[in-house]
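# Structural description and commentary
Residue strings, one per chain:
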Amino acid sequence: MDTRQAAEFVKIALAGMDREYPNKPSHVFNGLEDLKTPSQLHPVFYGHFDWHSSVHGHWMLLRLLKEFPEAEFAAEIRSTMNRRLTQDGLLAEAAYFRIDSNKSFERMYGWAWALKLAQELRSFDDSDCKKWAANFAPLEKEIVGLAKGYLPKLDWPVRCGFHPESAFPLGFMLDYARATGDEDFEVLLVEKSRKFYLGDRDYPTAYEPSGNDFFSPGLNVADLMRRVLPANEYSEWLTAYFPHLAEGKAGNLLTPVVVSDPTDGHLVHLAGLNLSRVWTMRGIASVLSDSDPRKEILLNAAEAHLAAGMNYVGGGHYEGDHWLATFAVRAMTMQ
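Residues numbered from 1 in each chain as written. Predicted model: local features only at pLDDT ≥ 70, side-chain atom pairs only at ≥ 80, totals over all residues. Heavy atoms only, no water.

By size, the foremost hydrophobic cluster in this structure holds 113 residues, and its most contacted members are F45, F185 and L238. For this core, the element with the most residues is helix α7 (residues 127-150), which contributes 10 residues. In this structure L238 touches A222, P243, L245, I284, L288 and R294, once residues within four positions along its chain are discounted. (Core = buried A, V, L, I, M, F, W, Y, C linked by side-chain atoms within 4.5 Å. Buried < 20%, exposed > 50% of the residue type's maximum accessible area, 1.4 Å probe, protein only. Helix = DSSP H or I, 4+ residues; strand = E, 2+ residues; numbered from the N terminus. Contact = heavy atoms within 4.5 Å.)

Here's what the structure looks like:
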C-alpha cells in the first residue's frame, strides 16, 4: 500500500464517520423511552450504517495513521479521533452494554472488532493515542467482561460465513488477550478453540461459499488454530483438516468469487469474502515452513483474492463502501 492508496481508504472511512443514515441499529426496544436516533443510542459509533462497521472504520483510520504518520491525511485523522473518541462518549457506549437487553448486542463480531481497536490503541506509542486508549478503556473492560461471561456458556461453535460465526472473533480476541497480557482470557479462548475445532477433519470445502458470505468459516477455523497449536502440531492438524490442500485442491476456497450485484447489501458480502480469505490464507501460510507446498499455494491464492476483492472497494455504492475498505486494509497491513 502506498500513500495515495491509503489516502483513498481514509477518504472512504471519513465519508461514513458522521453519516447517520441509512442505519441498521439492531437495538432491542423495551419501551417508548428507547425510541432514539442512532447517535443518541451510540454517541461514538453511530456512522457507517451499523455499530460494528463504525468500530472497524475507526480501527482502519487508526491503522492508517500508524502506517503513515507523516501523510497529509494524518492531521485529519487525529482531529477526527479527538472529536469522536471522547471520554463522555465512550462512557456512554460502555453503559449501553450494562443494560440487560443489550448484553448480547454485537456478540461476538462487534466485540471482536472493538477489542481489535483496543489492541491497536494500546500498541501505538503516541501521546494522542494514549489519551484515546484511556478513554476507550471502560468500553474495552465491559466487552472483555461480557466475553468472559459468555464463552463458558457457548457449548457449540457457530459455523457460517457472516456475523455470528465464532472462529473469527475467537482469533481476534486471542490476539488481544496475548497483546494485553490477560492470561485468564487467553486460557479461556485457547480451551474453547481446542474444544470446538481440534477434532475437525476433512472440512467440506465443496459447501463453500454460501450466497451471502463475507467469511470462509473453514478458513477462519484454520486461521484460528494456527494461533492455538504449536507449528508442528498445527501442520499435522491442517493435513487432516484440508487433506488435499498440498495438491492445490480445496473445493472453491482457492478461487476468488464474483459479485453479481454490488448494490445489493447482502450479495456484496462476497466482495468481503475475497478480502477476508486473503488474511486467513496469509495467516495460515505464516506458520508453515518454506518447503511446505501449501505455503506457496495459499500465498498465490491470497494474491488472486486480493486483486479480485479490490475491484469492489470504493465502488460508489454505500452497501459495500461502508465496510469493504476496512477488510482491504486488514488484508494489506495484517501483522
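Still more ground to cover, so stick around.
Helix length check: α7, at 24 residues, gives a terminal C-alpha distance of 34 Å against a target of 34 Å (1.5 Å per residue), a fit within 8%. A maximum bend of about 45° is found in α7 at A137, where proline P138 lies one to four positions downstream. Two or three places before D128, at the opening of α7, D126 has a side-chain oxygen 3.0 Å from that residue's backbone nitrogen. (Expected span 1.5 Å × (residues − 1). Bend = angle between axes of the 7 residues up to and from the residue. Polar contact = N/O pair within 3.5 Å; in protein donor to acceptor, adjacent residues only side chain to side chain.)

A word on a nonpolar patch on the surface. On the surface, a nonpolar cluster with roughly 370 Å² of combined accessible area is contributed by F29, L32 and L35. Mapped onto the elements, L35 comes out in the loop between α1 (3-17) and α2 (38-41). (Patch = residues over 30% accessible without salt bridge, like charges linked within 9 Å, V, L, I, M, F, W, Y side chains within 5 Å. Areas by Shrake-Rupley, 256 points an atom, 1.4 Å probe, with all protein chains shown as cover. Salt bridge = Lys/Arg side-chain N within 4 Å of Asp/Glu carboxyl O.)

Let us now look at the packing of aromatic side chains. If you walk through the whole model with that rule in mind, you get 31 aromatic pairs. A ring pair is formed by F97 and F105, whose centres lie 5.7 Å apart and whose planes are at 55°; its orientation type is tilted. For the pair F97 and F105, one class covers both residues: buried. Geometrically, the ring pair formed by W111 and Y150 is edge-to-face, given 6.2 Å between the ring centres and 90° between the ring planes. Of this pair, W111 sits in helix α6 (residues 109-123) while Y150 sits in helix α7, and the two are 39 residues apart along the sequence. When its relative accessible area of 0% is taken as the criterion, W111 is described as buried. Exposure remark for Y150: the relative accessible area of 16% places this residue in the buried category. Aromatic rings pair up to connect W59, Y109, W113, F168, F172, F214, F215, W279, W323 and F327 into one cluster. Positioned above the aromatic ring of Y318, the side-chain terminus of R19 is 3.8 Å from the ring centre. (Phe/Tyr/Trp six-rings, centres within 6.5 Å; stacked < 30°, edge-to-face > 60°. Lys NZ or Arg CZ within 6 Å of the ring centre and 35° of its normal.)

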